[in-house]
Amino acid sequence: MTIDIEGLREFIEARDRSDPPYFAGRKEVIADIETVCRTMWQRHTAGVPQHKGMTRIIHGAPGAGKTSLLGHRKQQWSQSRGRPVAGTGPKPRMLLLSGASVVQRPADFYARLLMVVDPDMAGKLFPAVRKPEVTAGGVAVIGSGASIQFAPGRGPAPPEMLGALAALAPQWSAPVVVAIDEAQNIGGDRYSAAGIILQELHDNRNDLPVMLVLAGLGDTVDRVMELGLSRPAQGTTWTLGCFDEAESDDLIAGWGRHFGLPDGDWRNTMRGIAEDCDHWPVHVQNALMALADEVVAADGKLEDVQSSVVRARSRKRQLAYYRQRMSPQMEGSRFLLSAVMQDLQEGHHDRGDIIDSIEWHVNACLGSRWRLPDGMTANEYFNHLIHRGALHKHLDTGTVECPIPSFRAWLIKQGEPPHENDPEPDSRPSPGF
C-alpha cells in the first residue's frame, strides 16, 4: 500500500471547513432523512397527499459536523444522478444553500429550486439562468447535473413560480431536499420573504415531494419558530454531539485507508487523542490533520513520525478552536463564565438553573470580568452562550450542558490565576510510530 502524499497535502490545505475525505457516524440522522424522502416519493407516485411538517432540524455546537453531514449527502446523491435503487426508489436531489441570503430573495430561490426539478423548464421561465462551470454564491444544485447563477431582479413573480412548480409535479423524477446550512442566520420574521418561503416548504402547501432540512447552531430551533414554523414535532430534530468510541475509530481507520496508511501504532495514538478530546468530531479531524502534517514532512516514513509531535500539533489546533469560540463578550466576562461553568457540574440543569447561577455571581462578585457584558441581561447572556456553542439545550429533556467537556474545562481554567512554570501538555519526547 502506497501512502498518498499529494492527497494528504490537499487534505491539509483544505482545513477543517471542507468535506472530510471519509465520513463516519450520524447514521441515524441520515437514515431518518432518507426515510422521509422515500415516503414522500411513495406518496407522490401513488397520488396520496404529502404529510405536513416533515422538516428536519440538525443543530449543535460549531465543529459537531453539520456542514460535513450535508456535504456528504450532497456528494453521495450527486454520484447517483437520481438513478433508482432497488426497493428504495430514486435517490433524492439536493438544493444545498450554504448561506441564508438566497432564501430572502424569492426569485433567486425558486429559480434554483426549479433548476433541480427541470433544468429545461427553468431555462425557459428564467432567461437569466445559465450553466456555469463553477457554482457561484454558495449554491450547489445536486442531482440535476447542472448548477446555476441567477441575476437578481429577473424572472417571474413568486405566484408564477409556484404555479410552474406545481404544474411540473407529474414530471418529477426524484424527491428533492432543500438544505440550508447556518440556518440560525436567516433574517426576518414570519412575514418576511424568508419566513413565507420556509413556511410554505414546511407546510408543503403545494403537495410536492420536497423536504426541508435546516442545519445550524443551538439556537436554530428558536430562530425558525420566529420565522413562523410550528414547533418541531418529536423526532424531527437532531442534536449532533460527540462521537462515541466506535465512530471515532471508524473515522480514523477509514481516513487511513483513504490515504493509503498501513495499519500500525499510529491508530492507537489517534484513538488516544480522540479520547482525550472527548471524541468531538472537529477535534478528531484536526488530530488527523496534525498527523497528516507530520507524515508529509517525513515523506511518508511513518517510523520517523513522533507521536508527541502529533499530540502537540493536535493540542494546538484544539486550543485554537476554543479561542475562536470566545466572543469579546465572553472574554470580557471570563471570571463570570468560568464560575458558571464550574456550577454546571454533572447532573440535570435547565435554563433557569443557569440563569440563577449567572445572576448570583454577578451580584456576589466585584470586578469588571464578573459583570455581564454591556447591555446584556442574564437571559441574553445565556442565549449568547448557546449561540457560541458554550452551552447546548436538549429539546427533548430541557436540560442544558456544555456540549464539549474539554471546552468546559478550558473555560473554567480561563478564570483561574496563571501558574508559572506549568509544563505544556504532552511535551515529553517519545519514540516514533
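Conventions and cut-offs
Residues numbered from 1 in each chain as written. Predicted model: local features only at pLDDT ≥ 70, side-chain atom pairs only at ≥ 80, totals over all residues. Heavy atoms only, no water. Patch = residues over 30% accessible without salt bridge, like charges linked within 9 Å, V, L, I, M, F, W, Y side chains within 5 Å. Areas by Shrake-Rupley, 256 points an atom, 1.4 Å probe, with all protein chains shown as cover. Salt bridge = Lys/Arg side-chain N within 4 Å of Asp/Glu carboxyl O. Lys, Arg positive; Asp, Glu negative; His and termini not counted. Charge placed at Lys NZ, Arg CZ, Asp CG, Glu CD. Helix = DSSP H or I, 4+ residues; strand = E, 2+ residues; numbered from the N terminus. Buried < 20%, exposed > 50% of the residue type's maximum accessible area, 1.4 Å probe, protein only. Phe/Tyr/Trp six-rings, centres within 6.5 Å; stacked < 30°, edge-to-face > 60°. Lys NZ or Arg CZ within 6 Å of the ring centre and 35° of its normal. Polar contact = N/O pair within 3.5 Å; in protein donor to acceptor, adjacent residues only side chain to side chain. Pairing = 2+ DSSP bridges. 1 Å grid on protein atoms, 1.4 Å probe; cavity = no way out; pocket = protein on both sides within 12 Å on 5 of 7 lines; lining within 4 Å. Points joined across faces, edges and corners; volume = space filled by probe spheres on them.

(A) Summary view of a negative patch on the surface. Taken together, the side chains of Asp 350, Asp 353, Asp 356 and Glu 359 present a region of like negative charge at the surface. Tracing the chain through its elements places Asp 356 in helix H15 (residues 351-364).

(B) Helix H7 (residues 193-203), seen in detail. Taken across its 11 residues, H7 has eight buried, putting it largely inside the fold. Following H7 by one or two positions, Asn 204 has its phi on the positive side, about 50°.

(C) Representation of the packing of aromatic side chains. All chains considered together, the criterion is met by 10 aromatic pairs. Taking the ring centre of Tyr 321 as reference, the NZ or CZ of Arg 325 above it sits at 5.1 Å.

(D) Quick look at the environment of Arg 317. With respect to the helices and strands, the residue Arg 317 is situated in helix H12 (residues 307-325). Since its relative accessible area comes to 18%, Arg 317 is described here as buried. Within polar-contact distance, the side chain of Arg 317 engages the side chain of Asp 293 at 2.8 Å.

(E) Highlighting the pairing of strand E1 (residues 56-59). Across the two faces of E1 the burial is the same, with Arg 56 and Ile 58 and Ile 57 and His 59 all buried. Here E1 pairs with strand E7 (residues 210-216) via four bridges, running parallel. Counterpart to His 59 in the pairing with E7 is Gly 216. Of the strand pairs in this sheet, E1 and strand E8 (residues 237-239) are connected by three bridges, and their pairing is parallel. When the sheet's bridge partners are listed, His 59 is paired in E8 with Thr 239.

(F) Spotlight on the pattern of salt bridges. Per the counting criterion, the structure on display carries 13 salt bridges. Taking the shortest distance from any N to any O, the salt bridge between Arg 267 and Asp 249 comes out at 3.8 Å. Residue Arg 267 is located in helix H10 (residues 265-276), and its partner Asp 249 is located in helix H9 (residues 245-258); the two are separated by 18 residues in the primary sequence. Judged by its relative accessible area of 15%, Arg 267 is buried.

(G) Broad picture of the side chain of His 361. With respect to the helices, strands and loops of the structure, His 361 is situated in helix H15. Among the residues examined, His 361 registers a relative accessible area of 9% and is labelled buried.

(H) Empty space enclosed by the protein, seen in detail. Here the structure, examined in full by the defined rule, presents three cavities of 30 Å³ or more. Considered as a void within the structure, the second largest cavity measures approximately 50 Å³ in volume. As for the second largest cavity, its lining consists of Met 40, His 51, Met 54, Thr 55, Leu 201, His 202, Asn 204, Val 210, Met 211 and Leu 212. Secondary structure elements with two or more residues in the lining of the second largest cavity: H7 and E7.

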